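Each chain is listed here by its residues.
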Amino acid sequence: MATARLMKVLALFLMLGLVGPLIAAEEAAPPVVPTLPSDYRIGPGDALQMFVWRNPELSVTVPVRPDGKISAPLVGDMIAVGKTPAQLASDLEVVLAEYVRSPKVNVIVTQPVSTFSQVKVVGQVGKPQSVAFREGLTVMDVMLAVGGLGEFAAGNRSKIVRTDADGKEIEIKLRLVDLLNKGDMKQNQALKPGDVIVVPQSRF
């Protein structure tokens with residue numbers, strides 16, 4: 001009886017012309033792409049979509065291998081690690097220009113899984129761990145995710161360790177006690193992919 005009822009409902013939808021549009025809408029739904037900053041650096045394990053305008057046969061989805069390279073049609077192997085999507089697209093255009101007239105390439109990171117897409121928290125916190133990066137992530141967001149400061153934390157001596165675009169390591173002082181206990185929102189800094197928050201232990 002249930003099957004017969006289902007067939008009648010489907011027949012009604014077909015008569016009204018609703019099934020086709022519903023299926024088409026579902027098939028046409030674009031894939032969910034994570035929001036990343038424009039200066040996001042590609043890392044090992046990331047999945048990239050490479051679109052070559054007017055050349056669909058050259059448009060592929062490729063993984064970034066552990067050696068930091070990708071393989072693409074006509075390009076062969078190319079270093080991707082450490083580059084932004086825009087930089088990689090520009091490098092691909094240079095190589096493809098030998099085969100394609102005025103190539104226009106767009107690179108999208110569809111699956112950011114490398115350490116460059118995470119923020120790590122180490123030291124005296126509730127649960128030291130890596131937190132997946134998202135646009136707008138702040139120190140407060142991350143501290144809530146790791147369970148706050150540990151019992152022996154020297155929160156006001158914390159720091160953010162960040163690697164800039166030139167590969168230089170910089171340190172940003174962070175007063176976590178003032179942020180978490182006193183509401184000093186000046187300490188609630190915006191984070192970047194690859195940041196490491198270090199919370200030292202109190203001196204006894």
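Per chain, residue numbering runs from 1 following the sequence as it is written. Local features in a predicted model are, by the rule used here, given only for residues with pLDDT of at least 70; side-chain atom pairs are given and counted only at 80 or more, and totals for whole chains, interfaces and linings are based on all residues. Just so you know, side-chain values use all the structure's heavy atoms and leave hydrogens and water out.

Caption draft 1: Region of interest: the overall build of the protein chain. Only DSSP runs of H or I covering at least 4 residues are called helices, and only runs of E covering at least 2 are called strands; the numbering of each starts at the N terminus. On a plain count of helices and strands, the protein chain comes out with 5 helices and 10 strands. Burial here depends on accessible area, computed with a 1.4 Å probe over protein chains only, as a share of the maximum for the residue type. Under 20% is buried, over 50% is exposed, and the range in between is partly exposed. Scored against the burial criterion, the 204 residues of the protein chain give a buried share of 34%. Any two residues having at least one pair of non-hydrogen atoms within 4.5 Å are treated as being in contact. For the protein chain, long-range pairs separated by at least 24 residues make up 52% of all intrachain contacts whose partners lie at least 6 apart in sequence. The accessible surface values rely on the Shrake-Rupley method and a 1.4 Å probe; as for residues, cover is taken only from the protein chains in view. Element-wise, carbon and sulfur atoms account for 58% of the exposed surface of the protein chain, whose accessible area totals about 12,500 Å².

Caption draft 2: Up close: the pairing of strand E1 (residues 47-52). By definition, two strands form a pair when at least two bridges between them are found by DSSP. The pairing of E1 with strand E2 (residues 60-63) spans 4 bridges and is antiparallel. Looking across to E2, one finds that Ala47 is bridged to Pro63.

Caption draft 3: Quick peek at the confidence of the model for the protein chain. Each residue carries a pLDDT score, the predictor's own confidence in it, on a scale running from 0 to 100. Residues with a pLDDT of 70 or more make up 83% of the protein chain, whose mean pLDDT is 85. This stretch, residues 12-31, has a pLDDT under 50; its non-local contacts, to residues over four places away or in other chains, come to 5 contacts.

Caption draft 4: Expanded view of the sheet that holds E1. Taking strand neighbours across the sheet as the criterion, the 3 strands line up as E2-E1-E5 in an open arrangement whose pairing is antiparallel. Edge positions in the sheet fall to E2 and strand E5 (105-111), since each has one partner strand and no second. For this sheet the average axis-to-axis angle between neighbouring strands, irrespective of direction, equals 25°. Axis angles are defined between N-to-C directions and span 0 to 180 degrees, where every axis is a line fitted to C-alpha atoms and, for a helix, only to the segment in contact. Helix-sheet contacts for helix H3 (residues 85-96) involve E1 and E5, and the interaxial angle to E5 is about 135°.

Caption draft 5: Main features of the sheet that holds strand E10 (residues 196-199). Taken together, 5 strands build an open sheet; the order of strands is E7-E6-E10-E8-E9 and the sheet is mixed. Each edge of the open sheet is held by one strand with a lone partner, namely strand E7 (129-132) and strand E9 (169-174). Across this sheet, the average inter-strand angle for adjacent strands is 20°, counted without regard to direction. Looking at chain direction, strand E6 (residues 118-123) and E10 are connected through 4 bridges and run parallel. Residue pairing across strands places Lys120 opposite Val196, the latter belonging to E10.

Caption draft 6: Region of interest: the side chain of Thr84. Along the chain, Thr84 falls in the loop between strand E4 (76-79) and H3. The class for Thr84 is buried, based on a relative accessible area of 12%. When residues no more than four places from it in sequence are discounted, the contact partners of Thr84 are Ser38, Asp39, Tyr40 and Ile42.

Caption draft 7: H3, seen in detail. Each helix should span, by expectation, one fewer than its residue count multiplied by 1.5 Å. Counted at 1.5 Å a residue, the expected span for H3 with its 12 residues is 16 Å, and the 16 Å between its end C-alpha atoms agrees. Looking at H3, one finds that the buried residues are Pro85, Leu88, Ala89, Leu92 and Leu96. Down the axis of H3, the buried set is contained in an arc of 100°. They therefore lie on one face. Set apart from the buried face of H3 by more than 90 degrees, the exposed residues are Ala86 and Val94. Those residues of H3 hidden inside the fold are in contact with E1, strand E3 (69-72), E4 and E5. By arc we mean the arc of the directions from the helix axis to the C-beta atoms, nothing more.

Caption draft 8: Molecular detail of the nonpolar core. Nonpolar core, defined: a set of buried Ala, Val, Leu, Ile, Met, Phe, Trp, Tyr and Cys residues in which side-chain atoms within 4.5 Å join the residues together. Core analysis: the largest hydrophobic core is formed by 23 residues, its most contacted members being Leu48, Ile70, Leu88, Leu92, Val105 and Val107. Residue assignment for this core shows that the elements contributing at least two residues are E1, E3, H3 and E5. In terms of residues, this core owes the most to one element, H3, which gives 4 residues. Those residues within four positions of Ile70 in sequence are excluded, and the remaining contacts are Leu48, Val62, Pro63, Val64, Arg65, Gly76, Asp77, Met78, Ala80 and Leu88.

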